[in-house]
Structure formats: C-alpha cells, structure tokens
Amino acid sequence: MAWSDGLAQWQENETAYISIAFSWRLKDAVYLARYWRDRGYRVRVGGIITRIGQTAKLFDGIAEVGGDVDALVHHNPDATIASRGCPVGCWFCVVPKFEGKTFTLIPDFVPRPILCDNNLSALPVEYQDHIIRRYQETNTLLLDANSGFEPKAFNEDTYARWRMINRGAWRFALDETGELSDVERMMRILKNEKPNRKRVYV
C-alpha cells in the first residue's frame, strides 16, 4: 500500500503520462516531461497542482497539461475512489474548487483496500450502501478510508453501516473550533473503538 511520494509516471504506447500531487514535485515533473519529450514521446501532465496559478506554464512547449485521465491507481495500485466532490465547502480546501460542491458518483468503481473519497459520511445513504455492498461482493478488505469521515454528517447509522467493512482507522478532522462539538459527538459514537483506530487530524 505504498504511495508514489507525490509524483507518478507511466507510458502507454507513444504517450508518457506524469501526474503531480504536490507542488514540491513540480521540478521533478518538468525534468521528466523534458526527458520523455526528448525521447520522442507525446507527454501529458496532470494533477490538481497543474490547475493552480501559473503552474501549467512550466510545461509550455514540453507537454500537454490536463485532460481526463484517472491517475490514482498509478499513485497507489491499492487505491480507488467511488465519488468526487464535497458539499461542505471548507474555505481552505481545494476539493470544492476542482471537484465541485455536488457529489459526482462513480458507481462502477473498482473496490481496493484504500478508499480515497473526500467525505464518505456525507454521501447519500443509498450510495454509501452501494459502496459497502461492492466491497462485500468482491470480498475486498477496506484497510484505509483515506480521506475519512466528516464529523458533522457522522452519526450512529454511519458507524453501524461502515463498521461492517472498515478494517482500518476511523479518520476524521477537527479543522476549526466550530467543529469541536461534532468531533466530540463522533468520539462518543466511536467509544468502543481502540484509541489507535481513531485518527483525528487537527
């Protein structure tokens, strides 16, 4: 379940793909783009970082930027995603800007041990049930609900639903003091979970 450390690259036919997750890997990405271009490949570069500010200009004359390519599995072959977007709209988060404040559901997702959805507990209940059913039908262990659960939307039903398949930690965030009461309520719901299975990000 190892991640790519913020930069993934792969080749398909005559095209080289580069996906950048973190800004500190941009210099490496530009180097790789030049490397593959100089070897005659068509080069395509993507990732949220390439859509922020003037970043895309770094690849002028070297690579095509953007496009609809799912790079997640190249960052980690054990990772998957069943939805995009998040309705919460935290001021510091890039998800609403780039994926929207309305969920985009991906019902034919491939279940894998790491689930990277932005906000599992706020998804429609029927769709949460669909995700869980897909994991059960394919006998896939959910070892890491990576982006976690939103405390505001988390309740006893959410816990009962996801505990059937969640074998990893219960990840959730305390981003602002206004969320303290929701986080405390979530901790009470998770009172029977071992301490190392409750991961609060502050």
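Each chain carries its own residue numbering, running from 1 in the direction its sequence is written. In view of the model being predicted, local features appear only for residues whose pLDDT reaches at least 70, and side-chain atom pairs are presented and counted only at 80 or more, with totals across whole chains, interfaces and linings using the full set of residues. Water and hydrogen atoms play no part in the side-chain values, which are based on all heavy atoms of the structure.

(A) Focus on helix H6 (residues 180-189). Looking only at H6, the buried set comprises Asp-182, Val-183, Met-186 and Ile-189. In an axial view of H6, the angular spread of the buried residues amounts to 115°, which keeps them on one side of the axis. Where H6 is buried, its residues meet helix H5 (156-162), strand E10 (170-173) and strand E11 (198-201). Here's how the labels work: a residue is buried when its accessible area is under 20% of the maximum for its type, exposed when over 50%, partly exposed in between, all with a 1.4 Å probe on protein chains only. Put simply, DSSP H or I for four residues or longer makes a helix, DSSP E for two residues or longer makes a strand, and each gets a number counted from the N terminus. By arc we mean the arc of the directions from the helix axis to the C-beta atoms, nothing more. Any two residues whose heavy atoms approach within 4.5 Å at even a single point are treated as in contact.

(B) Structural detail: the sheet that holds strand E2 (residues 15-20). When DSSP finds two or more bridges between two strands, those strands count as paired. The sheet built from four strands is open, its strands ordered E1-E2-E3-E4 with mixed pairing. A strand with exactly one partner marks an edge of an open sheet, and here the two such strands are strand E1 (7-12) and strand E4 (64-65). Where strand E3 (residues 42-46) meets E4, two bridges bridge the pair, whose relative direction is parallel. When the sheet's bridge partners are listed, Arg-44 is paired in E4 with Glu-64.

(C) Here's a closer look at the sheet that holds strand E5 (residues 79-80). Sheet architecture is open: three strands sit in the order E5-E8-E9, paired in parallel fashion. In this open sheet, the two strands that pair with only one neighbour each are E5 and strand E9 (144-145). In the sheet, E5 pairs with strand E8 (residues 114-115) via two bridges, with the strands oriented parallel. Following the sheet pairing, Ala-79 is matched in E8 by Ile-114.

Scope: geometric values only; no functional claims are made or implied.
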